[in-house]
Amino acid sequence: MDELRGDTFAEGSSKLDINTQEHQPPRPTSPTLSSTEHNFLESPTDPYPSGIAAQLRRFCSYSRTMQVSHMMARYAVLVKEDPHMYRAAESLLSTLSYLATNRVPIEIIELLYMSSNLLRYVNDRILSGKGSSLDRDELEADRDRLEQMLQVLQCVEVFVELSARRLGGSPLKWLVVAALAAVKISIRLCLIYQHNRILIGSFGMNDAPKGWVGPRSGIFFKQSHPNSNIPYHIPNKDLVLAELCYTLRPIIHLTALGLFKSKSWIPFTLALGLDVFSLKSLQKIEHPTDRQTNELSRRKLALLLYLFRSPFYNQITEHRLTPFLDYVSRIPIVGLFTDGITDYLPDWQKIYSYVWGS
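A brief report on the enclosed structure follows. Given the structure is predicted, the values throughout are model-derived calculations rather than measurements. (Residues numbered from 1 in each chain as written. Predicted model: local features only at pLDDT ≥ 70, side-chain atom pairs only at ≥ 80, totals over all residues. Heavy atoms only, no water.)

The next thing to look at is the overall build of the protein. Along its length, the protein carries twelve helices and two strands. Taken from the N to the C terminus, the helices and strands of the protein come in the order α-α-α-α-α-α-β-β-α-α-α-α-α-α. Counting only residues that meet the buried cut, the protein has 34% of its 358 residues in that class. In the protein, the proportion of contacts linking residues at least 24 apart, taken out of those at least 6 apart, comes to 71%. (Helix = DSSP H or I, 4+ residues; strand = E, 2+ residues; numbered from the N terminus. Buried < 20%, exposed > 50% of the residue type's maximum accessible area, 1.4 Å probe, protein only. Contact = heavy atoms within 4.5 Å.)

Below is the structure:
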């Protein structure tokens, strides 16, 4: 009898469990993740501890990365659709930096000018089609990354130098100047020896794309040049030596400046001799590309900066330039520009990246 009751009770319990399971609401299932998100959350090298909170933090970080990538892709589309508007934004920032002369601190002026250069650099890369590394071999992608690093350093070096001078005075300024020169020299040496590059250009001379915008479609069409795609030939030893003289000139000048001070003619003469020897040798290059021709012209024009470099400027140029600017400033319209030059020139003289930069 007891066994019968036990069997009856077990059978009723099983029926109750079945009915309870049938009336229970379905449990919520976890959202389906893509393979990329799953690998991101389950990465074995993840520094965070396991747990729901840690996974949420990692997923939010991943989402922010995807948002930035989406924003950059959207910005590239907008630049290609209307390049003139973004060129106008570059010009506006550059014009503001000139109009703000002697009205705001020089760091703000250089911040505006740096922003203009960085914006122009990004837009040029978008319009020239260099934003993606697809369809390029590893060596070409590595060379492109080195050139990008060099160009970005050239965009920001003046503002970084001024910020260092503001924060730590002259000692920190010269430490930062030497560090920037060492990094740029290292990049140039890699381009010379690993990628057979000479006449390595400065920002603003090589990457600006040339072309035209369709009047109806508004699409930017790149203009091809007859010798723009000619491959670089391996330079001979004389050309490599000439490029090395130009590359090492900043660190040689800084060393001589530390030994003999700014009033000595020795650093000035050493730098001038290296630049003249480099230019004279590089003029012998056969079949230069458009980039090399532009860079050679820029370096020739840069020799005029020696008129404003110490001690030549302090002993010769300043005594002739100041009376000329004072005389021209009496002209009603021209005086607006010459007054700004007169006020800005002493500050410009103290910026090593402007006066002696390469």
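What follows continues from the structure just given.
What follows concerns the pattern of salt bridges. Pairs can form between side chains of opposite charge whenever their charged atoms are close. Within this structure, the stated rule accounts for twelve salt bridges. Among the salt bridges present, the one from Asp144 reaches Arg125, with a minimum N-O distance of 2.9 Å. Here Asp144, found in helix H6 (residues 138-193), pairs with Arg125, found in helix H5 (residues 106-127); they are 19 residues apart in sequence, far enough to count as distant. Grouping residues by exposure puts Asp144 and Arg125 together as buried. Note that Arg299 is salt-bridged to Glu243, the shortest N-O span being 3.1 Å. On the criterion of sequence distance, the pair formed by Arg299 in helix H9 (residues 290-302) and Glu243 in helix H7 (residues 237-260) is long-range, its members being 56 residues apart. Taken individually, Arg299 and Glu243 each receive the classification buried, so the pair is uniform in this respect. One salt-bridge network, held together by shared partners, links Glu243, Glu295, Arg298 and Arg299. (Salt bridge = Lys/Arg side-chain N within 4 Å of Asp/Glu carboxyl O.)

So, about a negative patch on the surface. Taken together, the side chains of Asp326, Asp339, Asp343 and Asp347 define an acidic patch exposed on the protein surface. For the negative patch, the element with the most residues is helix H11 (residues 334-349), which contributes three residues. The topology assignment puts Asp339 in helix H11. (Patch = residues over 30% accessible without salt bridge, like charges linked within 9 Å, V, L, I, M, F, W, Y side chains within 5 Å. Areas by Shrake-Rupley, 256 points an atom, 1.4 Å probe, with all protein chains shown as cover. Lys, Arg positive; Asp, Glu negative; His and termini not counted. Charge placed at Lys NZ, Arg CZ, Asp CG, Glu CD.)

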